[in-house]
Amino acid sequence: MNKVKYIFLIPLLIVLLYSLTSKSKTKSEILRNDIIDVVSILKKAEQQLSLQVLQADKENRIPRTVTENGDMYWANSKFDWTEGFFPGSCWYMYEYTNNEDWKVTAEKYQALFESHKYITTNHDLGFVFNCSFGNGYRITEDEVFKQVLIEAANSLSTRFNSSVGCLKSWDVNGGWQSKRNWKFPVIIDNMMNLELLFLVSEITGNPKYKKIAIAHANTTLANHFRENNSSYHVVDYDPETGQVRSKQTAQGFADGSSWARGQAWGLYGYTVCYRYTKDKAYLEQAQKIAKYILHNNAIPKDGIPFWDYDADNIPNEPRDVSAAAITLSALIELDEYTSQSYLSTINNLIKSLASNDYTAPIDENQNFILMHSVGSIPHNNEIDVPLNYADYYYLEALVRYQNRYW
Ligand code: GLY
């Protein structure tokens, strides 16, 4: 009788043992079979980026996109919000390969715009310096890079207005921005400039940069998002009172629509805010934005969004690969912080982006890695083209994926 009892106990013990051991496994270990081998994807990307470096070396300029004729379009050497991405891509290649040549190339190209650290008329210093010198500092801890980051953060901080609680995105005394009747426009993209401020507070021990970043993130949380967690592109404020004057778009389909890259900037931005503060409100916002993106009816099966989720001619609208690459990289980080797994979406995006539909053949596409991004349709600029930032966030995502899951 006793023997029979023990026989019944054996399966129970096995189940108990299994559940105890599987509890100590991470999400990624449980899903090990689902992990994509990204080595061949990274090798191909390295081949293409190496060819682009040869091209850039002839001109000593930074590739940005291609012209309508298919020629290379170089970043504006006076200042270009995209200038940090090319050296940033080289830093990711250095991190991945450990080949010193990539470090030398990254240093050479970021040196071209080092003096822009003093610019105070543009909010994009976060993009420019965090993606270049920031990655360089993360990988090498070079003191010279640290000083550059501090200068850039000081310049960016001058754009903070305490009545509004935000960094000003665009100056309105010139260019197309002067025609929109804005006083203090803040764009969702500006969430991406906060990483520089968080980083500089961390490396200097001075909390003032982080305080600005937190204020900006909180004001944006209060005013940029709709009930369904999509975001407006531009919120304009009264710089004296901090009151919201209008909620509009600049690069999206309509004021009330959801510009695809804007949603990606928000997702990435709040994920970074959570990394540096561990404030649950930021994590929840990132999860809500992810939900909005992933459950959107306008998302095609391959996960690569149209340029605006509400564009009126879907499915006959251009895709925006840059939005997909930013979303992918953000989701890989967000997946670390949540019990919910984003791995199936992450894998779907990697498979799509690495396919011939979006990855250019070697030695074509002016040696950009990815095709089919959109700069700004309302400005009739950079439509269905490669963009250096699509490549940058794609490489970041691949290296993050490799570091995290392998
Ligand atoms: N921050 C500019 C853009 O996303 O186009």
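Criteria and cut-off values
Residues numbered from 1 in each chain as written. Predicted model: local features only at pLDDT ≥ 70, side-chain atom pairs only at ≥ 80, totals over all residues. Heavy atoms only, no water. Near = heavy atom within 4 Å. Polar contact = N/O pair within 3.5 Å; in protein donor to acceptor, adjacent residues only side chain to side chain. Areas by Shrake-Rupley, 256 points an atom, 1.4 Å probe, with all protein chains shown as cover. 1 Å grid on protein atoms, 1.4 Å probe; cavity = no way out; pocket = protein on both sides within 12 Å on 5 of 7 lines; lining within 4 Å. Sits in = over half its atoms within 2 Å of the grid points. Nonpolar A, V, L, I, M, F, W, Y, C, P; charged D, E, K, R; others polar. UniProt positions renumbered as here; feature names shortened; annotations may be inferred. Buried < 20%, exposed > 50% of the residue type's maximum accessible area, 1.4 Å probe, protein only. Helix = DSSP H or I, 4+ residues; strand = E, 2+ residues; numbered from the N terminus. Contact = heavy atoms within 4.5 Å. Phe/Tyr/Trp six-rings, centres within 6.5 Å; stacked < 30°, edge-to-face > 60°. Pairing = 2+ DSSP bridges. Axes fitted to C-alpha atoms, helices over the stretch in contact; angles between N-to-C directions. Parallel < 35°, antiparallel > 145°, perpendicular 65-115°, else oblique. Left-handed = near helix turned anticlockwise from the far one by under 90°.

**Observations concerning the site of the ligand**
Next, step 1: Contacts to the ligand come from Trp 81, Asp 189, Gln 251, Trp 259, Arg 261 and Trp 265.
Next, step 2: Within the side chain of Gln 251, a nitrogen or oxygen atom sits 2.8 Å from an oxygen atom of the ligand.
Next, step 3: Between the ligand and Arg 261, the relevant distance is 2.6 Å, taken from an oxygen atom to a side-chain nitrogen or oxygen of the residue.
Next, step 4: Notes on the ligand: free accessible area 200 Å², of which the protein chains cover 91%.
Next, step 5: According to the grid-proximity analysis, the pocket containing the ligand is the largest pocket.
Next, step 6: Of the residues belonging to the shell around the ligand, the class tally is three nonpolar, one polar and two charged.

**Details of the UniProt feature "binding site: substrate" (unreviewed entry) in the chain**
Next, step 1: Here, UniProt's "binding site: substrate" (unreviewed entry) annotation points to Asp 124, Asp 189, Thr 249, Arg 261, Trp 265 and Ser 376. Those annotated residues that line the largest pocket are Asp 124, Asp 189, Arg 261, Trp 265 and Ser 376.
Next, step 2: Overall, Thr 249 belongs to the buried group, its relative accessible area being 8%.
Next, step 3: The residue Ser 376 is located in strand β8 (residues 373–376) in this model.
Next, step 4: Overall, Ser 376 belongs to the buried group, its relative accessible area being 6%.
Next, step 5: Ignoring sequence-local partners within four residues, the contact set of Ser 376 consists of Ala 250, Gln 251, Asn 381 and Glu 382.
Next, step 6: There is a polar contact of 2.6 Å between the side chain of Ser 376 and the side chain of His 379.

**A few points about the packing of aromatic side chains**
Next, step 1: Counted under the stated rule, the structure contains 30 aromatic pairs.
Next, step 2: Here Trp 91 and Tyr 94 contribute two aromatic rings whose centre-to-centre distance is 6.1 Å and whose plane-to-plane angle is 65 degrees, an arrangement assigned as edge-to-face. Note that Trp 91 and Tyr 94 are positioned in helix α4 (residues 85–97) at a spacing of three residues, about one turn of the helix. In terms of burial, Trp 91 and Tyr 94 fall into one category: buried.
Next, step 3: Considering the side-chain rings of Tyr 292 and Tyr 309, the 5.8 Å spacing of their centres and the 80 degrees angle between planes classify their relative orientation as edge-to-face.

**Structural notes on the pairing of strand β9 (residues 381–385)**
Next, step 1: Both β8 and β9 contribute to a ladder of three bridges, which runs antiparallel. Among the inter-strand pairings, Ser 376 is bridged to a residue of β9, identified as Asn 381.
Next, step 2: With antiparallel pairing between neighbouring strands as the criterion, β8 and β9 make up a hairpin whose turn holds four residues, including Asn 380 at a positive phi of roughly 50 degrees.

**Here's the deal with the packing of helix α7 (residues 143–157) against helix α8 (residues 194–204)**
Next, step 1: Orientation of α7 relative to α8, taken along the N-to-C sense of each, is 125 degrees, at an axis distance of 9 Å. One way to sum up the angle between α7 and α8 is to call them oblique. Like other packed secondary-structure pairs, α7 and α8 cross with a definite hand, here left-handed. Across from Lys 146, Leu 149, Ile 150, Ala 152, Ala 153, Leu 156 and Ser 157 in α7, the residues of α8 making contact are Leu 196, Leu 197, Leu 199, Val 200, Ile 203 and Thr 204.
Next, step 2: Taken together, the residues that form the contact of α7 with α8 break down as ten nonpolar, two polar and one charged.

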